[in-house]
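This is what each chain is made of:
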Amino acid sequence: MSQLTDTALSEQTAVAYARFFEELQPETVRQVHDLVSDDVHFIDPFNNVHGREMVEKILHRMFHDVQSPKFKILNLMWSDGLCFMRWDFSCHQKLLGDWSVRGMTELHFDAEGRVSAHYDYWDASTHFYRHIPVVGSLIRMIKKRASV
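Residues numbered from 1 in each chain as written. Predicted model: local features only at pLDDT ≥ 70, side-chain atom pairs only at ≥ 80, totals over all residues. Heavy atoms only, no water.

In this section: the packing of aromatic side chains. Under the criterion given, the structure shown has 10 aromatic pairs. Geometrically, the ring pair formed by Phe 21 and Phe 71 is edge-to-face, given 5.2 Å between the ring centres and 75° between the ring planes. A residue pair is termed long-range when its members are at least 10 positions apart, and Phe 21 in helix H1 (residues 3-22) and Phe 71 in strand S3 (residues 67-79) qualify at 50 residues. With respect to burial, Phe 21 and Phe 71 carry one shared label: buried. With a centroid separation of 4.8 Å and an interplanar angle of 50°, the aromatic rings of Phe 71 and Phe 89 are classed as tilted. With a gap of 18 residues between them, Phe 71 in strand S3 and Phe 89 in strand S4 (residues 82-93) connect regions that are remote in the sequence. According to the relative accessible area criterion, Phe 71 is buried, its value standing at 14%. Through a chain of ring-to-ring contacts, three or more aromatic side chains come together here, namely Tyr 17, Phe 20, Phe 21, Phe 46, Phe 71, Trp 87, Phe 89, Trp 99 and Trp 122. (Phe/Tyr/Trp six-rings, centres within 6.5 Å; stacked < 30°, edge-to-face > 60°. Helix = DSSP H or I, 4+ residues; strand = E, 2+ residues; numbered from the N terminus. Buried < 20%, exposed > 50% of the residue type's maximum accessible area, 1.4 Å probe, protein only.)

One finds Tyr 17, Phe 21, Leu 24, Leu 59, Trp 87 and Phe 89 to be the most contacted residues of the largest nonpolar core, which totals 33 residues. Of all the secondary structure elements, the ones that give two or more residues to this core are H1, strand S1 (36-43), helix H2 (52-65), S3, S4 and strand S5 (97-109). (Core = buried A, V, L, I, M, F, W, Y, C linked by side-chain atoms within 4.5 Å.)

With four bridges connecting them, S1 and strand S6 (residues 115-121) associate as parallel partners. Residue pairing in the sheet places Ile 43 in a bridge with Tyr 119 of S6. For S1 and strand S2 (residues 48-50), the ladder comprises three bridges, and the chain directions are antiparallel. The residue bridging Ile 43 from the neighbouring strand is Asn 48, located in S2. Count of turn residues in the S1/S2 antiparallel hairpin: four residues. (Pairing = 2+ DSSP bridges.)

Mapped onto the elements, Gly 103 comes out in strand S5. Residues Gly 103 and Trp 87, spaced 16 residues apart in sequence, show a C-alpha to C-alpha distance of 5.4 Å.

This is the structure in structure tokens:
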């Protein structure tokens, strides 16, 4: 397969993957299997897993833990065969109430154009842990001591 074809497949997958997250519902979670490799590596601030089944579990867990989760994909950007997907996520969580975060996902692709790695980058200490009673107080104190 030529590099051009590989790139075209990856770009098609990236667009479909972004659409998958924007339209994600509990009944569509299994569709992730069509977009990711068997041994996909998924990392976010809470998880570090391998495999389609584990990614599916994470997405099902999200629907269990929060109400009305919604991704809005803001940009897809490319550099040296990698795709960077900038997004906003919002939901309602029992402990935090209405909650939102902006993040970035680094996507890697296999030879068939499927997502082989999904690495999420967002500041969990600022946007999540700091809002949890007791833990949040400790994080705010550490942040205050470390800041200029």
